[in-house]
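# Report on the structure
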Amino acid sequence: MNNIYGITIEKLEDYFISLGSKKFHADQLFSWLYEKRINEYEEITNIKKELIEQISKDYSISKLKIVNVEKDVDVCKYLFELYDGEHIEAVLMRHDYGNSVCVSSQVGCNMGCKFCESGRRKKVRNLETYEMVLQLLMIEEELGKRISHVVVMGIGEPFDNYDNLINFLEIINHPKGMAIGARHITISTCGVIPKIKEFSNLGLQFNLAISLHAPNNEIRDKIMPINKVYPLDLLIPVLEEYYNNTSRRITFEYVLLEGINDGVEQAIELSNLVKNLNCYINLIPYNETNNLNFKRSSTIQIMKFYDILKKNKINVTIRKEFGGNISAACGQLRSKKEGV
Ligand code: SAH
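Here the residue index of a chain counts from 1 through its sequence in written order. Totals for whole chains, interfaces and linings use every residue, but because this is a predicted model, local features are given only for residues with pLDDT of at least 70 and side-chain atom pairs only at 80 or more, for both listing and counting. Water and hydrogen atoms were dropped before computing side-chain values, which therefore reflect all heavy atoms in the structure.

Put simply, DSSP H or I for four residues or longer makes a helix, DSSP E for two residues or longer makes a strand, and each gets a number counted from the N terminus. Regarding its fold elements, the chain presents 13 helices and 14 strands. The C-alpha radius of gyration computed for the chain amounts to 21 Å, which stays within 12% of the reference 20 Å derived for 340 residues, consistent with globular compactness. Overall size of the chain, expressed as C-alpha extent along the three principal axes, is 70 × 45 × 35 Å. Whether a residue is buried, partly exposed or exposed follows from its accessible area with a 1.4 Å probe, protein chains only, as a fraction of its type maximum: under 20%, in between, or over 50%, in that order. Burial status across the chain gives 56% buried among its 340 residues. Values of the radius of gyration come from C-alpha atoms, whereas the globule rule sets the reference at 2.2 Å times the count of residues to the power 0.38.

Here it is as structure tokens:
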């Protein structure tokens, strides 16, 4: 059965019309779900009983199960169990500017990035729209405070689950849904070009982050198999087009891996690669995992890399680290739970 938390307000309007009823019920239902936060349809007081009965036959209102929570000072990691016994993670981070949540988009991932814990384990399935929405809704309820920012950077490749991603964005961004501003929502992709183009053509104000991790095809090919299909010389022009369509600056994520992509030479090459793009670079200290052999660059090396980019007038930041003590590297909590 479909779940009500995966349905956009437009689709609900169509649904009510198809029942021979009025489309304003969609607004009412959204208000019960996302403002009043009901748990059961029986709590609804302003929609006719027969209609509520019909809705409950067509759409389940069940939530996910939170099976583990790991807490640290400014970070909290949630492990969810899905209807079929699969597990996914979401991470809440408390910043000075608000609460941000990193959500998962798939169970596992097929992109196979060599340094990534989620990629070590193949994709089992896409997440349904409601499974993405409920990660946010349930964390917000647990927290008792608003989530102000969302990053789609958990387990999975969001652009490999495009339609569900778009529905999810619509629901959490809609003023009558979770009402999180588009400029506060970031989608991170390893570079699935056809979907970046499709997304770009929508002309929306969401932030796009690209997992770059290498300044040239030679290194990128070795650590990110997607680069063999969509190499940098094809990716960069598509990002220029994205900026032209949306006027939104691209963010590049660059995980620093010792001896692989963190040398002076690569910093210079990276500066040249992006110098004509309106972008930010976010340098990410690698989160080492037990199952993979990559090493985090030393702090000195990270600073050297940062300084070279700065000198070349690139907008660059080093990502604040969260949750080193709580298995926060993508997919670690899931692997721990499942013992693989
Ligand atoms: N598939 C998407 C989003 C999920 S991964 C993407 O590739 O962008 C989110 C980010 O975390 C990516 O930049 C990914 O490369 C990075 N990442 C994966 N494993 C990591 C680790 N162990 N330490 C630091 N960053 C990691």
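Turning our attention to the nonpolar core. What makes a nonpolar core is a set of buried Ala, Val, Leu, Ile, Met, Phe, Trp, Tyr and Cys residues whose side-chain atoms join them at distances within 4.5 Å. Ile4, Tyr5, Leu136, Phe168, Phe252 and Ile281 are the most contacted members of the largest nonpolar core, which totals 107 residues. Looking at which element gives the most residues to this core, the answer is helix α5 (residues 129-143), with 9 residues. Residue assignment places this core across two domains, with domain 1 (2-60) and domain 2 (65-338) each supplying three or more. Discounting chain neighbours no more than four positions away, the residues touching isoleucine 281 are Phe252, Tyr254, Leu270, Val274, Leu309, Ile314, Asn315, Val316 and Thr317. Where each domain starts and ends comes from a domain assignment, either automatic or drawn from a database. Note on definitions: a residue-residue contact is assigned when non-hydrogen atoms from the two residues lie within 4.5 Å.

Turning to the pairing of strand β9 (residues 149-152), a few remarks are in order. In summary, the side chains of a regular strand alternate between the two faces of the sheet. Judged by which residues are buried, β9 turns out to be covered on both faces: His149 and Val151 on one side and Val150 and Val152 on the other are all buried. Examined bridge by bridge, strand β6 (residues 98-102) and β9 share 3 bridges and lie parallel to one another. Within β9, the residue paired with valine 101 across the bridge is valine 150. Judged from the 3 bridges that link them, β9 and strand β10 (residues 185-189) form a sheet pairing that is parallel. When the sheet's bridge partners are listed, valine 151 is paired in β10 with threonine 186. Strand pairing is assigned whenever DSSP detects at least two bridges linking the two strands.

For each residue, the test is whether any non-hydrogen atom lies within 4 Å of the molecule or strand; if one does, the residue is near. Around the ligand sit 18 residues, and of these Gly156, Ser188, Ser211, His213 and Asn287 come closest. Contacts to the ligand include glycine 156, whose backbone N or O atom sits 3.0 Å from a nitrogen atom. Here an oxygen atom of the ligand and a side-chain polar atom of serine 211 are 2.5 Å apart. Just so you know the grouping, Ala, Val, Leu, Ile, Met, Phe, Trp, Tyr, Cys and Pro go in nonpolar, Asp, Glu, Lys and Arg go in charged, and all remaining residues, Gly too, go in polar. Residues that form the shell around the ligand fall into these classes: 9 nonpolar, 7 polar and 2 charged. Side-chain atoms alone can form a polar contact between residues adjacent in sequence; in general such a contact is a pair of N or O atoms within 3.5 Å, and within protein one must be able to donate a hydrogen while the other accepts it.

By secondary structure assignment, the location of serine 104 is in the loop between β6 and β7 (106-107). A distance of 3.0 Å separates a polar atom in the side chain of serine 104 from the backbone nitrogen of isoleucine 155. Setting aside its immediate chain neighbours within four residues, serine 104 contacts Ile88, Glu89, Leu127, Met132, Gln135, Gly154 and Ile155.

On to the packing of α5 against helix α6 (residues 162-173). Orientation is described by axes fitted as lines to C-alpha atoms, over the contacting stretch for helices, and by angles from 0 to 180 degrees between their N-to-C directions. Viewed as axis vectors pointing N to C, α5 and α6 meet at an angle of 40 degrees, and their least axial separation amounts to 8 Å. Classified by the interaxial angle, the pair formed by α5 and α6 is oblique. Relative to α6, the crossing made by α5 is right-handed. Residues Thr129, Met132, Val133 and Leu136 of α5 lie in contact with α6, whose contacting residues are Asn164, Leu165, Asn167, Phe168, Ile171 and Ile172. Taken together, the residues of the contact of α5 with α6 sort by class into 7 nonpolar, 3 polar and no charged. When describing relative orientation, an angle under 35 degrees is termed roughly parallel and one over 145 degrees roughly antiparallel, while 65 to 115 degrees is termed roughly perpendicular and anything else oblique. Definitions for this section: a left-handed crossing has its near helix turned counterclockwise from the far helix by less than a right angle. A right-handed crossing has that turn clockwise.

Aromatic pairs are defined between Phe, Tyr and Trp rings, using the six-membered ring for Trp, whenever the two ring centres lie within 6.5 Å; interplanar angles under 30 degrees are classed as stacked, those over 60 as edge-to-face, and all others as tilted. Overall, the coordinates contain 12 aromatic pairs when judged by the stated rule. Ring geometry for phenylalanine 199 and tyrosine 242: centres 6.4 Å apart, planes at 5 degrees, overall stacked. With phenylalanine 199 in helix α7 (residues 193-202) and tyrosine 242 in helix α10 (residues 232-246), the pair connects residues that are 43 residues apart, well separated along the chain. Residue phenylalanine 199 shares its accessibility class with tyrosine 242, and that shared class is buried. Between lysine 36 and the ring centre of tryptophan 32, over which it is positioned, the NZ or CZ distance is 4.2 Å. Only Lys NZ and Arg CZ are tested; either one counts as a charge over a ring when it is within 6 Å of the ring centre and within 35 degrees of the ring normal. Taking the ring centre of tyrosine 280 as reference, the NZ or CZ of arginine 249 above it sits at 4.8 Å.

Next up on the list: the sheet that holds strand β12 (residues 250-256). What the 10 strands build is an open sheet, ordered β3-β4-β5-β6-β9-β10-β11-β12-β13-β14; its pairing is mixed. The sheet is open, and its two edges are formed by β3 (65-71) and β14 (315-318), each paired on a single side. Ignoring strand direction, the axes of neighbouring strands in this sheet form an average angle of 20 degrees. Sheet contacts for helix α12 (residues 299-311): β12, β13 (279-285) and β14; angle to β14, the most-contacted strand, approximately 165 degrees.

A word on the domain arrangement of the chain. Looking at the assigned domains, one finds that the chain contains domain 1 (2-60) and domain 2 (65-338). Taken over C-alpha atoms, the centre of domain 1 sits 33 Å from the centre of domain 2. Across the contact, 12 residues belong to domain 1 and 14 residues belong to domain 2. Taking both sides of the interface into account, the surface hidden between domain 1 and domain 2 amounts to around 1,200 Å²; carbon and sulfur atoms contribute 61%. Among the residues of domain 1 in contact with domain 2, Tyr5, Tyr34 and Arg37 are the three that bury the most area, contributing 43% of the side total. Joining two parts hides part of their accessible area as seen by a 1.4 Å probe, and the buried area is that hidden amount summed over both.

Relative to strand β4 (residues 75-81), β3 is paired through 6 bridges, and the arrangement is antiparallel. Looking across to β4, one finds that glutamate 70 is bridged to lysine 77. As consecutive antiparallel partners, β3 and β4 are separated by 3 residues.

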